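Spelled out, the chains give:
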Amino acid sequence: MRKHVLLGTTIAGALLAGVCGCGGTAASPTALSWHGCEGHFQCAQLSVPVSYSDPGGKKIPISVIELPASGSHPMGDVVLNPGGPGESGVQFLEQAATIVPASVRARFNLVSFDPRGVGSSEPLHCLTAAEVPGFVALNPAPRAPKQVAAVVEATKAFVRECKKSASTAFISSMSTANNARDMDRLRAALGEKLLTYVGFSYGTYLGTVYAELFPKRVRAMVLDGAVDPSLTPETADAGQAAGFETDLHDFFAWCAKASSCRSGLSPSPAAAYATLFTSLEEGRTLTASLPHTTSIGYGVALEGVIAALYSTETWPILGQALASASGGDGTILGEFAYALNGLNPDGSFSNIVSANSATGCLDAPAPMTIRDHEELAKRLSKSAPEFGAAVAWTGLPCLYWPAGKPEHLSVARAAGAPPILVVGSTGDPATPYPWAQSLARQLPRATLLTRTGAGHTAYRASSCVRRWANRYIETLKMPPAGTVCPTD
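Since the model is a prediction, treat every value here as computed from it, not as a measurement.

Turning our eyes to something else, we now look at the overall build of the chain. If you tally the helices and strands in the chain, you get 19 helices and 12 strands. Overall size of the chain, expressed as C-alpha extent along the three principal axes, is 60 × 45 × 40 Å. Within the chain, contacts between residues at least 6 apart in sequence are counted, and of these 76% link residues at least 24 apart. Split by element, the accessible area of the chain, about 18400 Å² in all, is 55% carbon and sulfur. Separation between the mean location of the 37 positive side-chain charges and that of the 38 negative ones in the chain comes to 6 Å.

So this is what it looks like as structure tokens:
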């Protein structure tokens, strides 16, 4: 199971302050040459240096997309990031621009971009499309020596292909700190003195790093599904594993009360799940009617469950998926798993698996030996029996990563930044609510806006959250301290 948000990331204050000469200096206002694309959108490319310690050296193009404001006198630009790391901001804006209400779209241009190494911005490819399903199918929680050996060999092969895909210099550059520096170049190219930003999940970490590097260049910042940079990697892994564990049991409770869900999962949803996954861990495979495979095992099935737990909207489908899987058909679980790992509508895969590892390995320290991973898996399994071991093994590629050292931030200070709005959901499995509480305490002028309910991130799930966040974006007025919003 890959990391679905960037966890336990800490960045050295010295680096963020610009020791390399690239942190707090003014970004060059590179012009953007826009052209029409995808209907009402405009597209452009932003040139950025591979290395900010050598700004005059080799450049790479960053793909940028804009939905122009519908009003005749826009106030400016709102830059969005959907998360990951590794999610395409270009695809996100094309598919999800309508989640931003018409009032905001009338007054602001909506802008997003593919971070370096992602999507159409010099993408890093460690796997071909044909290889992604096999990589997703790896045992996520190996225990026996042969299982561990198989996962280690496949991971080494993955990293070898990463090395073939791009130069060491480029792979070393795919950090969040450099993504933040690229975003500052984008701000300058847009002609904005100050950045207005909305980040989701990993995008909250990108926003936090930007505010740390460029605190006086922030106008407004909404951080929804907040990552807490002050956590150690193990504490962050434990928090996410426990978050998904709690969400799974919340699903069981909901399913037991919903006749359409529980009817296919006898004698109870929890018991049916336990029987199914015990058999999968023991080597059972399920049939699947999918373009990429005709069978799935434990790894894909577990990834499918995790994907379905991201939103309560998919809980009914998760019930169907588990009922079908109990009967031997893993097709729906496979669809969930592959979608989470970059499956496109045309059957191709994005490079999110590769980019996720690249950025994650540069941003967070990982266990240094196989034994460290094994011991971490044992510890996390005690508090999160279903997901703990799988989360513990997600950092394995970093053990063999070819380049770069993690940058580390023990606390988010953003000294001099304006008020920032941090949004957390009480039942968020991927970025647990305590992370949002902690980040809001760390940022000196932050306000915490809370959504009650399950599911990852809040903006899409609550009209109340959207109302407060949009009001802040438009007027810079914060919600009252302690504001709590329901889920729609």
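We now examine the packing of helix H11 (residues 269-281) against helix H12 (residues 298-308). For the pair H11 and H12, interaxial distance at closest approach is 9 Å and the crossing angle is 145°. Across the interface between the two elements, Tyr273, Phe277, Leu280 and Glu281 of H11 pack against Tyr298, Ala301, Leu302 and Val305 of H12. Split by residue class, the contact of H11 with H12 holds 7 nonpolar, no polar and 1 charged.

Sheet architecture is open: 10 strands sit in the order E1-E2-E3-E5-E4-E6-E7-E10-E11-E12, paired in mixed fashion. The open sheet has two free edges, formed respectively by strand E1 (35-37) and strand E12 (484-485), since each of these has just one partner strand. For strand E2 (residues 41-49) and strand E3 (residues 59-67), the ladder comprises 8 bridges, and the chain directions are antiparallel. In the strand pairing of E3, Val48 is matched with Ile60.

Moving on: the pattern of salt bridges. The tally for this structure, following the rule as stated, stands at 11 salt bridges. A salt bridge links Arg116 to Asp182; its shortest N-O distance comes to 2.8 Å. You can see Arg116 sitting in the loop between strand E5 (108-113) and helix H4 (132-136) and its partner Asp182 sitting in helix H7 (residues 176-189), a full 66 residues away along the chain. Linking Arg217 and Asp184 is a salt bridge whose minimum nitrogen-to-oxygen distance equals 2.5 Å. Of this pair, Arg217 sits in the loop between helix H8 (202-213) and strand E7 (218-224) while Asp184 sits in helix H7; the two residues are 33 residues apart in sequence, bridging distant segments of the chain. Pair check on accessibility: Arg217 and Asp184 agree, each one buried. Via salt bridges that share partners, Asp184, Arg187 and Arg217 belong to a single interconnected network.

Once that is clear, we can look at the state of the cysteines. Taken as a whole, this structure holds 5 disulfides when the rule is applied. Through a disulfide, Cys126 is tied to Cys162; the S-S separation comes to 1.9 Å. Given an S-S torsion of about 115°, the disulfide between Cys126 and Cys162 has right-handed geometry. One end of the pair, Cys126, is in the loop between E5 and H4; the other, Cys162, is in helix H5 (residues 145-165), with 36 residues separating them in the sequence. Judged by its relative accessible area of 2%, Cys126 falls in the buried class. We classify Cys162 as buried; its relative accessible area is 0%. Residue Cys464 pairs covalently with Cys485 via a disulfide, S to S 2.0 Å. Looking down the S-S bond of the Cys464 and Cys485 bridge, the torsion is -55°, so its handedness is left-handed. You can see Cys464 sitting in helix H19 (residues 463-475) and its partner Cys485 sitting in strand E12, a full 21 residues away along the chain. Pair check on accessibility: Cys464 and Cys485 agree, each one buried.

Below, the discussion takes up the packing of helix H13 (residues 315-326) against helix H14 (residues 331-340). Running from amino to carboxyl end, H13 crosses H14 at an angle of 130°, the nearest separation of the two axes being 7 Å. Accordingly, the angle class assigned to the pair H13 and H14 is oblique. Across from Ile317, Leu318, Gln320, Ala321, Ser324 and Ala325 in H13, the residues of H14 making contact are Ile332, Leu333 and Phe336. The class makeup of the residues in the contact of H13 with H14 is 7 nonpolar, 2 polar and no charged.

Here the focus is the side chain of Ser425. Looking at the element boundaries, Ser425 is found in strand E10 (residues 421-427). For Ser425, a relative accessible area of 2% puts it in the buried group. Setting aside residues no more than four positions away along its own chain, Ser425 makes contact with Tyr433, Arg451, Gly453, Gly455, Thr457 and Ala458.

Ranked by size, the top nonpolar core spans 121 residues in total, and within it Phe251, Phe277 and Val305 carry the most contacts. Of the residues forming this core, the biggest block, 8 residues, is contributed by H12. Cys43, Leu93, Ala96 and Leu421 belong to the second-largest nonpolar core, a separate cluster that totals 33 residues.

A word on the pairing of strand E6 (residues 195-200). Among the 6 residues that make up E6, 6 are buried, leaving the element largely enclosed by the rest of the structure. Every second residue of E6 is oriented toward a common face, with Leu195, Tyr197 and Gly199 on one face and Thr196, Val198 and Phe200 on the other, all of them buried. Two strands pair when backbone bridges link them, and E6 and E7 are joined in this way by 6 bridges, in the parallel orientation. Counterpart to Thr196 in the pairing with E7 is Ala220.

Attention shifts here to the pairing of E5. Most of E5 is tucked away, with 6 of its 6 residues classed as buried. Burial along E5 is two-sided: the face carrying Phe108, Leu110 and Ser112 and the face carrying Asn109, Val111 and Phe113 are both buried. Where E3 meets E5, 4 bridges bridge the pair, whose relative direction is antiparallel. Following the sheet pairing, Ile65 is matched in E5 by Ser112.

Definitions and limits used
- Residues numbered from 1 in each chain as written.
- Predicted model: local features only at pLDDT ≥ 70, side-chain atom pairs only at ≥ 80, totals over all residues.
- Heavy atoms only, no water.
- Helix = DSSP H or I, 4+ residues; strand = E, 2+ residues; numbered from the N terminus.
- Contact = heavy atoms within 4.5 Å.
- Areas by Shrake-Rupley, 256 points an atom, 1.4 Å probe, with all protein chains shown as cover.
- Lys, Arg positive; Asp, Glu negative; His and termini not counted.
- Charge placed at Lys NZ, Arg CZ, Asp CG, Glu CD.
- Axes fitted to C-alpha atoms, helices over the stretch in contact; angles between N-to-C directions.
- Nonpolar A, V, L, I, M, F, W, Y, C, P; charged D, E, K, R; others polar.
- Pairing = 2+ DSSP bridges.
- Salt bridge = Lys/Arg side-chain N within 4 Å of Asp/Glu carboxyl O.
- Buried < 20%, exposed > 50% of the residue type's maximum accessible area, 1.4 Å probe, protein only.
- Disulfide = S-S within 2.5 Å.
- Parallel < 35°, antiparallel > 145°, perpendicular 65-115°, else oblique.
- Core = buried A, V, L, I, M, F, W, Y, C linked by side-chain atoms within 4.5 Å.

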